[in-house]
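Chain and residue survey
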Amino acid sequence: MIDSPEIPRRRNAEALDAWTDVLVIGGGPAGAWAALAATEAGVRVMLVDKGYLGTSGATAPSNTGTWFVPPGEGRRLAIEQRQPRTGGLADPHWVERTLDTAWEKLHCLADWGYSFPHGDDGRPYLANLRGPDYMHFMRRRVLAAGVTVLDHHPALELLGDGDTVGGAAGIDRQHDRPWRIRAGAVVLATGGCAFGERILGAATLTGDGYLMAAEAGAALAGMEFSAQYAFTPKPSALNKGLPFRWASFTRQDGTPIATAGRDRHAAVAQALLEGPVFAQYDKAEPDVRAWLRQGQPNCFLPLDRSGVDPFTERWPVTLRCEGTVRGVGGIRLLDDTCATGVPGLYAVGDAATRERLTGAISGGGGPNSSWAIASGNWAGRAAAIFAVRIRARIADRPVTPLGRAGLRPAGTARGALAPHELARAVREEMLPLDRNFFRRETTLRRSLERLDACWGELQDQEPGDALAAVKAREAAALVATSRWAYRSALARTESRGMHRRRDLPDADPALVCSFQASGLDDVRVSRADPRTSAPAP
Ligand SMILES: Cc1cc2nc3c(=O)[nH]c(=O)nc-3n(C[C@H](O)[C@H](O)[C@H](O)COP(=O)(O)OP(=O)(O)OC[C@H]3O[C@@H](n4cnc5c(N)ncnc54)[C@H](O)[C@@H]3O)c2cc1C
């Protein structure tokens, strides 16, 4: 049994205290693949999710295209053609190995019996996964492999032995009790951070893994590339991009918004700052319309419910912020195993930076889901190897909790925290198009002043009961992620990919580099070589 006065519990609820070789935090595709890879390496694995492995996270409610390119000349060309679009930041070696592992593991999925959709030639089409049944399949596979899955067990903080990460602690939401799991290695698979925006699957994606990693001493990379936005029918939360390939956009008075040959998102974002914008899928021929309705039925629900024919009528549209979910930023990775630099700690999927894979542009539409598969496999295996080396000490080595903000007041607590106020401040600073989509030094500095004040507030407050502790940590993670994002955006004094500086509209050839953010109270940003993570000369 554990005694953790900082983590509140219901009276008499017995705390869960356990140990395992590898602990995976987060049960999206990256966490599920990491758990499978670790069990294949022959170790004991536990997986905790804030929600439910199978329905939580960004993949579960969506259809997911993968980046699925056969080895050979075609792959070499695909990598070469994408490279200039990444702002020169992607690393062909990482792209190649991601494609390799995804290729191999998607074939495994087919061999295991996952029912891929079929193409016109009647053969399984391995480049597409239906989110709900993919994640349902992965859940069954993970359980069958012997992984202990604890749903509704948000992790609040990591544990450390002074040198190595030694597990994590959190709250069992079903029994209102604390849990603590000591582990030989931890894989952070907590997904990205949508800054509190209402988008598909993002309810649990508040950047918790970034905060936990930073508290353990890890750094973040590519955080300035957190300005990914998606077209969404208004007022829904349905941020699915595919049908918009066939959309045209108009202003209130019906005048068209020119998007041909331009950055479509930027053209629509600018128009949205000036007034309402409408969309219509009028570029879709009848066969495409039928295909879209069949392949992406949920995209049409809000429009069908309002009695609108999306192909022949226009309807209000907006851009919703996806932050690092389809953005790029995340925990910095040091080597091919997805190690974070903190011994025993690995990061995968959207919790990790995808800068080496996609550079300055979004990894949505294929790269991200292949990355979740590949990084999960690399880290799961490496975490198992690491854990085996220290197995004899896992269960009884002394570990201490590493969480601070929102959990343990720095000095004398001055009162109860109001996490919803902090979350509101983050939404107000991170979602508006004229702050995050289009950036300027003046607006970035103004937002940072408010976000820094929010961070200060988090230091003096007590979380309250168990649910309040979860909310307090979410608020802390949201505020911390926003500060890393905007501090990195200030450091990148140019425009590149999704980082659009109105005051510095051109790319600077001297800035083909990575920016790494570290620290919590005092955020520091430094330049590094994107391919090696080493400090830039
Ligand atoms: C609408 C939409 C469509 C997309 N389509 C595509 C596509 O077609 N192709 C593509 O490549 N990518 C696509 N993406 C991106 C893709 O979904 C993500 O890259 C992918 O889901 C990342 O997987 P993940 O496992 O890292 O994170 P997620 O799938 O987001 O899972 C993270 C998990 O961590 C859990 N978690 C969070 N915090 C904690 C905590 N403190 N304790 C315990 N558990 C926690 C969450 O509950 C969640 O289950 C899309 C994203 C969206 C939003």
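Residues numbered from 1 in each chain as written. Predicted model: local features only at pLDDT ≥ 70, side-chain atom pairs only at ≥ 80, totals over all residues. Heavy atoms only, no water.

1. Considerations on the overall build of the chain
The test is simple: Numbering of helices and strands starts at the N terminus; helices are DSSP runs of H or I of at least 4 residues and strands are runs of E of at least 2. Each radius of gyration reported is based on C-alpha atoms, and the globular scaling rule is 2.2 Å times the count of residues to the power 0.38. Burial classification: accessible surface area is computed with a 1.4 Å probe over protein chains only, and a residue below 20% of its type maximum counts as buried, one above 50% as exposed, and the rest as partly exposed. Contacts are residue-level and defined by heavy atoms, with any inter-residue pair within 4.5 Å sufficient.
Within the chain, the regular secondary structure consists of 15 helices and 22 strands. Radius of gyration (C-alpha) of the chain: 22 Å, near the 24 Å computed for a compact globule of 537 residues. Dimensions along the principal axes, computed over C-alpha positions, put the chain at roughly 65 × 55 × 50 Å. Counting only residues that meet the buried cut, the chain has 60% of its 537 residues in that class. Sequence separation of 24 or more characterises 73% of the internal contacts of the chain that already satisfy a separation of 6 or more.

2. Structural notes on the environment of cysteine 513
Along the chain, the position of cysteine 513 falls in the loop between strand 20 (500-501) and strand 21 (514-518). Along the primary structure cysteine 513 and leucine 89 are separated by 424 residues, whereas in three dimensions their C-alpha atoms are 6.8 Å apart.

3. Section: the packing of helix 1 (residues 29-40) against helix 10 (residues 367-389)
Filter applied, for reference: Axes here refer to lines fitted to C-alpha atoms; in helices the fit is confined to the stretch in contact. Angles between the N-to-C directions go from 0 to 180 degrees. Here a crossing is called left-handed whenever its near helix is offset anticlockwise from the far helix by less than a right angle, and right-handed whenever the offset is clockwise. We call Asp, Glu, Lys and Arg charged. Ala, Val, Leu, Ile, Met, Phe, Trp, Tyr, Cys and Pro are nonpolar, and the rest, Gly among them, are polar.
Two elements in contact, helix 1 and helix 10, have axes separated by 7 Å at closest approach and are oriented at 40 degrees. As for the relative orientation of helix 1 and helix 10, their crossing is right-handed in sense. Contact residues: Pro29, Ala30, Trp33, Ala34, Ala37 and Ala38 in helix 1; Ala372, Ile373, Gly376, Asn377, Gly380, Arg381 and Ala384 in helix 10. Split by residue class, the contact of helix 1 with helix 10 holds nine nonpolar, three polar and one charged.

4. Thoughts on the sheet that holds strand 9 (residues 220-221)
Quick note on the threshold: Strands qualify as paired when DSSP identifies two bridges or more between them.
Taken in spatial order, the four strands make up an open sheet running 14-9-21-22, and their pairing is antiparallel. Strand pairing shows two members of the sheet lacking a second neighbour, strand 14 (330-331) and strand 22 (524-528), which therefore form its edges. Direction of pairing for strand 21 relative to strand 22: antiparallel, over a ladder of five bridges. In the sheet register, serine 514 faces strand 22, and the bridge partner there is alanine 528.

5. Regarding the site of the ligand
Cut-off, in case you're wondering: Proximity is defined per residue: if any heavy atom of the residue lies within 4 Å of a molecule or strand, that residue is considered near it. Between N or O atoms, a polar contact is any pair within 3.5 Å; within protein, one atom must be a potential hydrogen donor and the other a potential acceptor, and residues adjacent in sequence are included only when both atoms are from side chains. To be clear on the numbers: accessible area is Shrake-Rupley with a 1.4 Å probe, and residue cover counts the displayed protein chains and nothing else.
For the ligand, the set of nearby residues contains 37 residues, the closest of which are Asp49, Thr59, Thr204, Asp208 and Ser369. A distance of 2.7 Å separates an oxygen atom of the ligand from a polar side-chain atom of aspartate 49. Contact distances for the ligand include 3.4 Å between an oxygen atom and a backbone N or O atom of alanine 189. When the free accessible area of the ligand is taken as 1,000 Å², the share hidden by the protein chains comes to 98%. Taken together, the elements giving at least two residues each to the shell around the ligand come down to helix 1, strand 3 (63-65) and helix 10. The residue inventory of the shell around the ligand, partitioned by class, reads eleven nonpolar, 21 polar and five charged.

6. Concerning the packing of aromatic side chains
We count it as follows: Ring pairs shown here join Phe, Tyr and Trp side chains whose ring centres sit within 6.5 Å, with only the six-membered ring taken for Trp; geometry is labelled stacked below 30 degrees between planes, edge-to-face above 60, and tilted in between. Placement of a charge over a ring requires the Lys NZ or Arg CZ to be within 6 Å of the ring centre, with the centre-to-atom vector within 35 degrees of the ring normal.
For the structure on display, the rule yields 20 aromatic pairs. With 5.9 Å between their ring centres and 70 degrees between their planes, phenylalanine 244 and tryptophan 315 make a pair best called edge-to-face. Residue phenylalanine 244 is located in the loop between strand 10 (228-233) and strand 11 (248-251), and its partner tryptophan 315 is located in strand 13 (residues 315-323); the two are separated by 71 residues in the primary sequence. The buried category is assigned to phenylalanine 244, whose relative accessible area is 1%. We classify tryptophan 315 as buried; its relative accessible area is 2%. Chaining the aromatic ring pairs together yields one cluster made of Phe231, Phe244, Phe249, Tyr281, Phe300, Phe311 and Trp315. Over the face of the ring belonging to tryptophan 67 we find arginine 82, whose NZ or CZ atom lies 5.1 Å from the ring centre. Against the face of tryptophan 112 rests arginine 141, its NZ or CZ located 3.9 Å from the ring centre.

7. Section: the packing of helix 12 (residues 419-430) against helix 15 (residues 466-491)
The cut-off we apply is this: Oblique is the label for any angle not under 35 degrees, not over 145, and not in the 65 to 115 range, which are roughly parallel, roughly antiparallel and roughly perpendicular in turn.
Running from N to C, helix 12 and helix 15 cross one another at 25 degrees; their axes reach a closest spacing of 9 Å. The angle between helix 12 and helix 15 falls in the class roughly parallel. Helix 12 and helix 15 meet at a crossing whose hand is left-handed. In this structure, helix 12 contributes Pro419, Leu422, Ala423, Val426, Glu429 and Met430 to the contact, and helix 15 contributes Lys471, Ala472, Ala475, Leu478, Val479, Ser482, Ala485 and Tyr486. By residue class, the composition of the contact of helix 12 with helix 15 is eleven nonpolar, one polar and two charged.

8. Things to note about the pairing of strand 7 (residues 165-172)
In terms of burial, strand 7 is largely enclosed, as eight of its eight residues are buried. In this sheet, strand 7 lies alongside strand 6 (residues 155-160) in antiparallel orientation, the contact comprising five bridges. Across the sheet, residue leucine 158 finds its bridge partner in strand 7, namely alanine 168. Linkage of strand 6 to strand 7, two consecutive antiparallel strands, is achieved through a turn of four residues, within which glycine 162 is found at a positive phi near 100 degrees. In the sheet, strand 7 pairs with strand 8 (residues 177-188) via six bridges, with the strands oriented antiparallel. Bridging across to strand 8, glycine 167 finds its partner in arginine 182. Connecting strand 7 to the antiparallel partner strand 8 that follows it, the hairpin turn spans four residues, and aspartate 176 within it adopts a positive phi of roughly 55 degrees.

9. Details of the pattern of salt bridges
Filter applied, for reference: Here a salt bridge means any side-chain nitrogen of Lys or Arg lying within 4 Å of a carboxyl oxygen belonging to Asp or Glu.
Counting across every chain of the model gives 36 salt bridges. Its salt-bridge partner being arginine 180, residue aspartate 17 comes within 3.4 Å of it at the nearest N-O pair. Of this pair, aspartate 17 sits in strand 1 (residues 16-25) while arginine 180 is found in strand 8, placing the two residues 163 residues apart along the sequence. One salt bridge connects arginine 354 with aspartate 350, and the closest N-O pair in it is separated by 3.2 Å.

10. Describing the nonpolar core
Put simply, the test is: For this analysis, a nonpolar core means a set of buried residues of the types Ala, Val, Leu, Ile, Met, Phe, Trp, Tyr and Cys, connected via side-chain atoms within 4.5 Å.
Among the nonpolar cores identified, the biggest contains 146 residues, and Val22, Ile25, Leu109, Phe249 and Trp484 are the most heavily contacted of them. The contacts of isoleucine 25, once residues within four sequence positions are left out, are Val48, Ala155, Leu158, Ala168, Val186, Val187, Leu188, Ala189, Thr190 and Met212.

11. Some thoughts on helix 5 (residues 208-216)
Across the nine residues that make up helix 5, a large majority, eight, are buried. Directly after helix 5, the chain includes glycine 217, whose backbone phi takes a positive value near 110 degrees.

12. A few points about the sheet that holds strand 12 (residues 277-280)
With antiparallel pairing, four strands are arranged side by side in an open sheet as 10-13-12-11. Only two strands of the sheet have a single neighbouring strand rather than two, namely strand 10 and strand 11. Taking the axes of each pair of neighbouring strands and ignoring which way they run, one obtains an average angle of 45 degrees across the sheet. Pairing of strand 10 with strand 13, which is carried by six bridges, proceeds in the antiparallel orientation. Each residue of the ladder has a partner; that of phenylalanine 231, found in strand 13, is leucine 319.

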